[in-house]
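Now for the letters of each chain:
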Amino acid sequence: MVPSPLRVAVIGLGVMGARHARAVAGHPDASLAAVVDVATVRDELAKELACVGFADFREVVGKVDAAIVAVPTALHGEIATRL
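Here the structure is a predicted model, which means the values were calculated and not measured.

(A) Broad picture of unusual backbone geometry. One non-glycine residue, A50, lies in the positive phi region at around 55°. Under the relative-accessibility criterion, A50 is labelled exposed at 69%.

Dropping the structure here:
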């Protein structure tokens with residue numbers, strides 16, 4: 001039995017978050033399930049990478065297996081704890 005790809009969300013789509021999203025989208029063992037950020041960048045990247053975009057990180061809970069938290073360092077703990 002072939003394992004399913006890991007469903008990954010990228011939260012925060014600045015320079016590093018966008019790079020992470022593209023890397024996940026191109027990985028053979030992963031599926032970019034969602035991107036999370038403000039509307040403009042989120043919608044553009046979701047369309048480019050054929051995934052779902054969300055405005056709030058809490059919307060990915062239960063929909064992904066893993067998340068990359070690429071937000072400012074001060075927010076890492078809050079977001080990671082809630083996920």
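(B) Summary view of helix α1 (residues 15–25). What α1 keeps buried is the set G17, A18, A21 and V24. Down the axis of α1, the sector holding all buried residues measures 125°, keeping them to one side. Of the exposed residues in α1, those oriented more than 90 degrees away from the buried face are V15 and R19. The inward-facing, buried residues of α1 contact β1 (6–11), β2 (30–36), α2 (39–49) and β4 (66–69).

(C) Spatial organisation of the sheet that holds β4. Here we have four strands laid out as an open sheet, ordered β3-β2-β1-β4, and parallel in their pairing. Sheet topology places β3 (52–54) and β4 at the edges, where each strand pairs with a single neighbour. Neighbour-to-neighbour, the strand axes of the sheet open up by a mean angle of 30°, direction not taken into account. Of the pairings in the sheet, the one linking β1 to β2 comprises six bridges and is parallel in character. The residue of β2 that forms the bridge with L6 is A30.

The rules behind each value
Residues numbered from 1 in each chain as written. Predicted model: local features only at pLDDT ≥ 70, side-chain atom pairs only at ≥ 80, totals over all residues. Heavy atoms only, no water. Buried < 20%, exposed > 50% of the residue type's maximum accessible area, 1.4 Å probe, protein only. Helix = DSSP H or I, 4+ residues; strand = E, 2+ residues; numbered from the N terminus. Arc of directions from axis to C-beta. Contact = heavy atoms within 4.5 Å. Pairing = 2+ DSSP bridges. Axes fitted to C-alpha atoms, helices over the stretch in contact; angles between N-to-C directions.

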